[in-house]
2 protein chains.
Amino acid sequence: MPSHTTNRKRRVTQADVARRAGVSTAVVSAILNPNSATGVRVSPETAERVREVVRELGYTPNPIAQSLARGKRNILGVFTYEPVFPSERGNFFYPMLRGIEMQVSGAGYDLLLFTSVQTEGQPRKIFAGGSNRLGVADGAILLGQEPDPSEMERLADEGFPFVTVGRRHSSRVELNWAAAGYADATAEIVLLGHEKGHRRIAFVGSATIREQQLDREEGFRSAMQGLGLDEGPEWCWHLDPDKLDAAWLQSLLANGVTLVLAETLEHAERIEKLLGSRGMSVPDDLSMAVLGTPLEDTRRITRWTRFEVPREEMGREAVRLLLAQLDGRVTGAAQTTLPCSFIPGETLRRVAPAH
Amino acid sequence: MPSHTTNRKRRVTQADVARRAGVSTAVVSAILNPNSATGVRVSPETAERVREVVRELGYTPNPIAQSLARGKRNILGVFTYEPVFPSERGNFFYPMLRGIEMQVSGAGYDLLLFTSVQTEGQPRKIFAGGSNRLGVADGAILLGQEPDPSEMERLADEGFPFVTVGRRHSSRVELNWAAAGYADATAEIVLLGHEKGHRRIAFVGSATIREQQLDREEGFRSAMQGLGLDEGPEWCWHLDPDKLDAAWLQSLLANGVTLVLAETLEHAERIEKLLGSRGMSVPDDLSMAVLGTPLEDTRRITRWTRFEVPREEMGREAVRLLLAQLDGRVTGAAQTTLPCSFIPGETLRRVAPAH
DNA sequence: CTGAAAGCGCTTACAG
DNA sequence: CTGAAAGCGCTTACAG
């Protein structure tokens, strides 16, 4: 017999109600779950008597026991490797969480935030101590930049339903995601640049390459190729902002580049600063666009030509995909790419075509 | 037999592992929970064999079943009557949630956000459809402005452990809370005003009176009384900002008031506008202080003399109180008042004492 | 229309 | 050191 750590008075159980009302627990259960399609039918008098006892005893069903018996928990997990509420202000996750809450609300699910598996400063792990705590949920949504591929694969192997916000790739398993259309959005900017007379266009992204950046690069490359423009190594850089220096800028300009697509605002601002120390400015001497929108620095970003990532909609869509899976409506991999919206800004200007 | 809606392959259970390893489930359980102080002792060989099977089968314990058997869920509920992630930017709950997450992290609990009980635009209810969904959690933290006293009382009657962020009062039951010291903070401003020569000080709060405002008023009254100053009805108003008009201001000034304590920034700005249309300004013609700090409008608030509510710390403290209760470390009501921090601003200036 | 019983997947006293 | 069994509190086929 478990000791059942009950520092508070023992909870009233269904059995207590049944005993007191002189019926079986089956009857109580049927009355409390009218639409459960069980064969049990109860006379109105019995039903009323049972309800009376329920009120009298203040009985509320134990959701945990219900979950176990039903094999269904009505809980959606939200897992992040980093804290869900990181900084004082500005929260990368916020719009996604907002979307998730909006979409899940009314669907009859609660949201479980996995905060327990934290190991002091370390990123969280899904399989901490061998047990998959995500299992309390019917399925989960994975957020964040640092998805451990092996954990996702193991999760998939277990048959646990989950969807990531942001595209994720595994060579071994099919992953489900709701992602931003970085490729199309980037291509769109290339085309716009071309229209405005730019022929030598460069791409500058971070040194660490993730799916996100692959998508942007892919958009850049395919658009450039489609236009018959050069997009070789001299046009496509993988450098963190602090690695960008005067020499690099020099080689860029020597190449005749007139438009730079910067992966992040940090890249863009760094380049602008380098230009400044040469007495040059954006967009007079160089046009630029930022391939995304930071959540913070909302003020500094406004003048930049860029696109906006539909973070909230990605959260909503992730919930839709997950619920579709849980309902069994979907069997294969569910992957949605959502369009980003272009924002003109003032940093991409018309130039006279080079030739 | 329940149909156990399993659209995915049946989960591996402890029994599967036990059968395959040729032991009882008790042994498997004991090996997987080494520090469970059960009498069961297993030989190293058996343990290794079982672990091997666990790995082979990819077994992970079902947390729901563990919860039921242990009578402990390791889940802390977070309940808000309004959406947790309300607006695009600026979230009243954010600092509290941040504090909650910080404090709960490492304590081995996950955070459950109750989003399921939403009824289309209506504020959420704890007891929706007679069943208390909070019951999936070991205890809960209640956030938000609109606490339904009857729900809190019923929750308390059930013996369900919960703590509110913000002081809450019930005449029937003892409530647990982590609150801001509005009274002291308000009194402090009165004293400061007195020091600076103000003798006729008025308080202007909203029409709807909640615990928060009672605390501020109480601080105002007791400080005024302590100084031997008048704090009767002509000095203490309950009006929403849009009800403040020229006539009201006229009577205020006619009374010789030199310092106004405004409950919210909206009150303060409204009064300033009214002053403006008389060609008067803050603080030259009237000193003012705001009794709190809005989360949004961070820019507009900076010049105002005010105090800051320790929202994050309130979240942390609420978790501490709740965990203490769950551990059985605390039995009576747990109530903490946390100090607000004064911020000088520029709207409270020195004056020559009236007489 | 109603009841007795099995089962959800674990944990834990209790016998051996 | 190990196993058989009861129990956590529900739901749901299956008999009456």
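Remember, predicted model here, so these are calculated numbers, not experimental data.

## A closer look at the overall build of chain A
Per the secondary structure count, chain A includes twelve helices and 14 strands. Computed over C-alpha atoms, the radius of gyration of chain A comes to 28 Å, more than 25% over the 20 Å expected from 2.2 N^0.38 for 355 residues, which places it beyond the range of a compact globule. Taking the principal axes of its C-alpha atoms as reference, chain A extends roughly 95 × 40 × 40 Å. Residues classed as buried in chain A amount to 50% of the 355 residues present.

## Concerning the relation of the copies chain A and chain B
Of the transformation superimposing chain A on chain B, the axial component is 0.0 Å and the angular component is 180°, with the fit at an RMSD of 0.1 Å. The transformation just described matches what one would write down for a two-fold rotation axis. Scanning chain A for the C-alpha nearest the rotation axis identifies A:Leu112, at a separation of 2.2 Å. In this assembly the copies share their binding face: 99% of the residues contributing to the interface of chain A also contribute to that of chain B.

## With respect to the packing of aromatic side chains
This model, assessed by the stated rule, comprises 16 aromatic pairs over all chains. Ring plane angle 75° and centroid distance 5.7 Å describe the contact between A:Phe92 and A:Phe93, whose orientation is recorded as edge-to-face. Among the aromatic residues, ring-to-ring pairing joins A:Phe85, A:Tyr94, B:Phe85 and B:Tyr94 into one connected group. In this arrangement the basic side chain of B:Arg216 is found over the ring face of B:Tyr182, its NZ or CZ atom lying 4.3 Å from the centre. B:Arg303 extends its terminal NZ or CZ atom over the ring of B:Trp304, reaching a point 4.8 Å from the ring centre.

## Digging into the sheet that holds strand β14 (residues 341-343) of chain A
Residue and element names in this part refer to chain A. Sheet architecture is open: six strands sit in the order β9-β8-β10-β11-β12-β14, paired in mixed fashion. Where the open sheet ends on each side, the last strands, each with one partner, are β9 (236-238) and β14. Neighbour-to-neighbour, the strand axes of the sheet open up by a mean angle of 20°, direction not taken into account. Two elements, strand β12 (residues 305-308) and β14, share three bridges in a ladder whose sense is antiparallel. Considered in β14, the bridge of Glu 308 is made with Ser 341. Those strands touched by helix α7 (residues 182-195) are β8 (201-205), β10 (259-262), β11 (287-290), β12 and β14, and its axis lies near 155° from that of β12. Where helix α9 (residues 246-254) meets the sheet, it contacts β8, β9 and β10, and its direction lies at approximately 170° from that of β9.

## Topic: the nonpolar core
Counting residues in each nonpolar core, the largest one holds 141 residues, and the members touching the most others are A:Ile271 and B:Ile271. For B:Ile271, the contacting residues outside a window of four places in its chain are B:Val204, B:Leu244, B:Trp248, B:Leu249, B:Val260, B:Leu286 and B:Met288. In this structure, A:Ile75, A:Leu155, A:Phe160 and B:Phe160 belong to the second largest nonpolar core, which totals 42 residues.

## Here's the deal with unusual backbone geometry
Residue and element names in this part refer to chain A. Pro 283 follows Val 282 through a cis peptide bond whose omega is 0°. With respect to the helices and strands, Pro 283 occurs in the loop between α10 (265-276) and β11. The backbone of Asn 74 sits at a positive phi, close to 60°, despite the residue not being glycine. On the secondary structure map, Asn 74 appears in the loop between α4 (63-70) and β1 (75-80).

## Examining the pattern of salt bridges
In a structure, side chains of opposite charge can pair up when their charged atoms sit close to one another. Residue and element names in this part refer to chain A. As enumerated under the stated definition, the model contains 34 salt bridges over all chains in all. Linking Glu 48 and Arg 51 is a salt bridge whose minimum nitrogen-to-oxygen distance equals 3.9 Å. Note that Glu 48 and Arg 51 are positioned in helix α3 (residues 44-57) at a spacing of three residues, about one turn of the helix. The exposure class of Arg 51 is partly exposed, given its relative accessible area of 37%. Salt-bridge contacts for Glu 217 lead to Arg 221; the nearest nitrogen and oxygen are separated by 2.7 Å. Residue Glu 217 and its partner Arg 221 are located together in helix α8 (residues 211-226), separated by four residues, close to a single helical turn. By relative accessible area, Glu 217 is classed as buried at 8%.

## Description of the sheet that holds strand β12 (residues 305-308) of chain B
Residues and elements named next belong to chain B. Read from one edge of the open sheet, six strands run β9-β8-β10-β11-β12-β14, paired in mixed fashion. Here the strands that pair on one side only, and so sit at the sheet edges, are β9 (236-238) and β14 (341-343). Strand-to-strand twist of the sheet, defined as the mean angle between neighbouring strand axes without regard to direction, takes the value 20°. Of the pairings in the sheet, the one linking strand β8 (residues 201-205) to β9 comprises three bridges and is parallel in character. Bridge pairing links Val 204 to Trp 237 in β9. Sheet strands in contact with helix α9 (residues 246-254) are β8, β9 and β10 (259-262), and its direction is about 170° off that of β9.

## With respect to the interface of chain A and chain B
Every contact between the two is made by 69 residues of chain A and, on the other side, 68 residues of chain B. A buried area of about 5,600 Å², summed over both sides, lies between chain A and chain B, and 51% of it is on carbon and sulfur atoms. Broken down residue by residue, the surface that chain A buries against chain B is led by A:Ile64, A:Phe85 and A:Tyr94, which jointly contribute 14%. For the interface between chain A and chain B, the tally reads two salt bridges.

## Some words on helix α1 (residues 14-21) of chain B
All names here are of chain B. Where α1 is concerned, the buried positions are Asp 16, Val 17, Ala 18 and Ala 21. Buried residues along α1 sit against α2 (25-32) and α3 (44-57). Between the side-chain oxygen at the start of α1 and the backbone nitrogen of Ala 15 there is a gap of 3.2 Å, and the oxygen is on Thr 13. Of the residues one or two after α1, Gly 22 is the one with positive phi, at around 70°.

Rules of the game
- Residues numbered from 1 in each chain as written.
- Chains lettered and ligands numbered in written order.
- Predicted model: local features only at pLDDT ≥ 70, side-chain atom pairs only at ≥ 80, totals over all residues.
- Heavy atoms only, no water.
- Helix = DSSP H or I, 4+ residues; strand = E, 2+ residues; numbered from the N terminus.
- Rg over C-alpha atoms; globule rule 2.2 N^0.38 Å.
- Buried < 20%, exposed > 50% of the residue type's maximum accessible area, 1.4 Å probe, protein only.
- Least-squares fit on C-alpha atoms with pLDDT ≥ 70 in both.
- Contact = heavy atoms within 4.5 Å.
- Phe/Tyr/Trp six-rings, centres within 6.5 Å; stacked < 30°, edge-to-face > 60°.
- Lys NZ or Arg CZ within 6 Å of the ring centre and 35° of its normal.
- Pairing = 2+ DSSP bridges.
- Axes fitted to C-alpha atoms, helices over the stretch in contact; angles between N-to-C directions.
- Core = buried A, V, L, I, M, F, W, Y, C linked by side-chain atoms within 4.5 Å.
- Salt bridge = Lys/Arg side-chain N within 4 Å of Asp/Glu carboxyl O.
- Buried area = accessible area lost by both parts, 1.4 Å probe.
- Polar contact = N/O pair within 3.5 Å; in protein donor to acceptor, adjacent residues only side chain to side chain.

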